[in-house]
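# Structure at a glance
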Amino acid sequence: MDIPHVILLTKVDQVCKAVEADVQYVYRSRIVKERMHKAAELMGLPVSFVLPVKNYSSGRSVDCNTDILLLSALNCMLCSIDDWLEDYTPSPQEIEQQRQTF
């Protein structure tokens, strides 16, 4: 269906000590970049479709930098969907199926 794909690379703080200390280093980390390239290669997508995020699996406090990283990933996903919807034209069969369900 030509639906856009993205990869969420989770737990980036567990692969790099610098990112574990401060998530601001996520795009500067050589280890994270290598993992992003590997994920992109495995899935056959461009590296720009790999979005690194840090999970809130441990810790009780909210971290603004972690939130920014998560919101940035969400923004990229929404922009990708928006671009797809702008180019999407339903086929006559899809339109007829939608009419029949209502």
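Criteria and cut-off values
Residues numbered from 1 in each chain as written. Predicted model: local features only at pLDDT ≥ 70, side-chain atom pairs only at ≥ 80, totals over all residues. Heavy atoms only, no water. Salt bridge = Lys/Arg side-chain N within 4 Å of Asp/Glu carboxyl O. Helix = DSSP H or I, 4+ residues; strand = E, 2+ residues; numbered from the N terminus. Buried < 20%, exposed > 50% of the residue type's maximum accessible area, 1.4 Å probe, protein only. Phe/Tyr/Trp six-rings, centres within 6.5 Å; stacked < 30°, edge-to-face > 60°. Core = buried A, V, L, I, M, F, W, Y, C linked by side-chain atoms within 4.5 Å. Contact = heavy atoms within 4.5 Å.

Following the criterion strictly, the structure yields 2 salt bridges and no others. With a closest N to O distance of 3.8 Å, Lys17 and Glu20 form a salt bridge. One end of the pair, Lys17, and the other, Glu20, are both in helix H1 (residues 17-21), 3 residues apart, so they sit about a helical turn from each other. Looking at Lys17, the relative accessible area reads 69%, which means it is exposed. The class of Glu20 is partly exposed, set by a relative accessible area of 44%. With a closest N to O distance of 3.0 Å, Glu34 and Arg30 form a salt bridge. With Glu34 and Arg30 both in helix H2 (residues 30-43), this residue pair falls 4 residues apart, about one helical turn.

A few words now on unusual backbone geometry. Peptide bonds are trans in most cases, and residues, glycine excluded, mostly fall at negative phi. Positioned with a positive phi, Lys11 is a non-glycine residue whose angle comes to about 60°. Along the polypeptide, Lys11 turns up in the loop between strand S1 (7-9) and H1. Residue classification places Lys11 among the partly exposed residues on the basis of a relative accessible area of 38%.

With that settled, consider the packing of aromatic side chains. Counted under the stated rule, the structure contains 1 aromatic pair. Note on Trp84 and Tyr88: the rings are 4.9 Å apart at their centroids and 25° apart in plane angle, and the pair reads as stacked. For Tyr88, a relative accessible area of 31% corresponds to the partly exposed category.

Further remarks concern the nonpolar core. Core analysis: the biggest nonpolar cluster contains 13 residues, and Leu9, Val12, Val19, Val26, Val32, Met36 and Val50 have the highest contact counts within it. Mapped by element, the contributors of at least two residues to this core are S1 and H2. When residues in this core are grouped by element, the largest group, 4 residues, is from H2. Aside from chain neighbours lying at most four places away, what touches Leu9 is Val32, Arg35, Met36, Val50, Leu51, Pro52 and Val53.

With respect to the secondary-structure elements, Val23 resides in the loop between H1 and H2. Residues Val23 and Asp67, spaced 44 residues apart in sequence, show a C-alpha to C-alpha distance of 10.0 Å.

Here we come to the environment of Ala73. By the secondary structure assignment, Ala73 is in helix H3 (residues 64-87). Spatially, the C-alpha atom of Ala73 lies 7.3 Å from that of Val53, the residues being 20 residues apart in sequence. Residues contacting Ala73, with those up to four places away along its chain left out, are Leu8, Leu51 and Val53.

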